[in-house]
Amino acid sequence: MLFSVLTIFPEFLTSPLSEGIIRKARNEGKIRIEISNIRDFALDRHTTTDDRPYGGGEGMVMKPEPLAAATRQVHADHPGKKRVILLSPQGTVYNQSIAERLSSTETHVVLVCGRYEGVDERFRNRYVDEEISLGDYILTGGELGALAVIDSVSRLIPGVLGCSDSADKDTFSRNLLKHPQFTRPPTFENQDVPSELLSGDHRRIEQYRFLASVQRTLERRPDLIGKVLFSDEELRLLQKHGLDRQIPGAGNTSGRS
C-alpha cells in the first residue's frame, strides 16, 4: 500500500510516521509513505498556497493551482489506479468500515490535507474522489486526519500487526466494543482479575470476553448493538444470561450464522 500525503506542513507528519508499528511496516516494505509539500507547487516566489475568498468572509481558502499541480505530480510519478481523499470537516465521518474498504480495495491512497476555511471548490470537483472527516469537530488542518487514516488502514494490511488476530478482534470490527483487558499482577489495589481469565478453560474465557464485550457496548455505545449480527450460539449465550432482552431483534434472529 502506498500513501501519498499532500500538506503545507510536512514536518507535522514526519515524527508520527517514523515510530512504532508504522515504522516497522515501512521498514519491512509492507507500506510506503510519500509526503509532498504543497508549497513546492506554488506559482509565486512567496510560495503562496491560500488567498481570500471571493465574495468576502472570514479566513483564507487554499488555492486550486498548487493543490492541482501536487496531485498531478503524484499521478505522473505513480501511474495507475489511486483514490484521492480530501480530509475535510464536510466529509463522511470516518469509521472502521471505511478503513476496511480502503485496505481491501486500494493500493494507492492520496491524502490531501485541507487547511483554513477549506479548499477551492474547483479543485475538489476535478481531483477529489472522496472526503473524510474524523468527526463532528474542527481541527486546524487535515494532517491529524491523514495520520489517523494511515494508521487505521495500515494495521489491517496482512503482516503489519504482530498478531494476525488483533485486527479481527478490535473494537468496531463487529460493532462491538472490545472486552476489558487485564495483565499481571492478578490483584491490584484490591481488584482481582476475573476468575474466568485465570481458569485456563479457553471456551469459558471466550464466553466471558464475548459477554463482557456485549455488556460494555450496551453501556457505552448502545447505538452500535443493533448492527451486530450474532450467531445462533451467541444468541443462546445472550439468552442464558438475560442480555437478549436489551438487544433489538435478538429474540427473533435464530438461523443466523
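Residues numbered from 1 in each chain as written. Predicted model: local features only at pLDDT ≥ 70, side-chain atom pairs only at ≥ 80, totals over all residues. Heavy atoms only, no water.

> Whenever I open this one, the side chain of Asn37 confuses me. Can you help?
Examined against the element boundaries, Asn37 turns out to sit in strand β2 (residues 32-37). In this structure, Asn37 is in contact with Thr7, Ile8 and Pro10, ignoring residues within four places of it in sequence. (Helix = DSSP H or I, 4+ residues; strand = E, 2+ residues; numbered from the N terminus. Contact = heavy atoms within 4.5 Å.)

> Mind showing me how you'd approach the sheet that holds strand β6 (residues 108-113) here?
Where strands meet in a sheet, backbone hydrogen bonds hold them as pairs that are either parallel or antiparallel. Across the sheet, five strands lie side by side as β2-β1-β6-β5-β7; this open sheet has parallel pairing. The sheet is open, and its two borders are formed by β2 and β7 (130-133), each paired with just one other strand. Going from strand to strand, the sheet's axes swing by 30 degrees on average, the running direction of each strand aside. Here strand β1 (residues 2-7) runs beside β6; their pairing, made up of five bridges, is parallel. Directly across from Phe3, in β6, lies its bridge partner Val109. Against the sheet, helix α4 (residues 96-105) touches β5 (83-93) and β7, its axis set at about 175 degrees to β5. Where helix α6 (residues 143-154) meets the sheet, it contacts β1, β2, β5 and β6, and its direction lies at approximately 175 degrees from that of β1. (Pairing = 2+ DSSP bridges. Axes fitted to C-alpha atoms, helices over the stretch in contact; angles between N-to-C directions.)

> What is the right way to read the environment of Ser195 from this model?
Within the secondary structure layout, Ser195 lies in the loop between β9 (191-192) and α7 (202-220). Linking Ser195 and Arg72, residues 123 residues apart in sequence, is a C-alpha distance of 59 Å.

> What am I meant to see in the pairing of β5 here?
A regular strand places its side chains on the two faces of the sheet in alternate fashion. Alignment of β5 against β6, held across five bridges, turns out to be parallel. If you follow Leu86 over to β6, its bridge partner there is Val112. Remark: the β5/α4/β6 crossover connection has right-handed handedness. The pairing of β5 with β7 spans five bridges and is classified as parallel. (Right-handed = clockwise from strand over helix to strand, strands pointing away.)

> I would appreciate a short explanation of unusual backbone geometry in the present structure.
Comment: phi is negative for the bulk of residues other than glycine, and the bulk of peptide bonds are trans. Residue Pro185 is bonded to the preceding Arg184 through a cis peptide linkage, with omega at 10 degrees. Backbone geometry places Thr47, a non-glycine residue, at a positive phi of 50 degrees. Checked against the element boundaries, Thr47 lands in the loop between β2 and β3 (50-51). Residues other than glycine seldom take positive phi values, yet Asn190 does so here, at roughly 65 degrees. You can see Asn190 is positioned in the loop between β8 (187-188) and β9. Judged by its relative accessible area of 79%, Asn190 falls in the exposed class. (Buried < 20%, exposed > 50% of the residue type's maximum accessible area, 1.4 Å probe, protein only.)

> Sorry if this is basic, but what is going on with the nonpolar core here?
The nonpolar side chains of soluble globular proteins are, as a tendency, buried together. Phe3, Ile31, Leu111, Ile150 and Val153 are the most contacted members of the largest nonpolar core, which totals 27 residues. At the level of elements, β1, α2 (20-27), β5, α4, β6 and α6 are the ones that each hand at least two residues to this core. The element best represented in this core is α6, accounting for five residues. Membership of the second largest hydrophobic core comes to 15 residues, among which are Ile38, Ala68, Val84 and Phe123. (Core = buried A, V, L, I, M, F, W, Y, C linked by side-chain atoms within 4.5 Å.)

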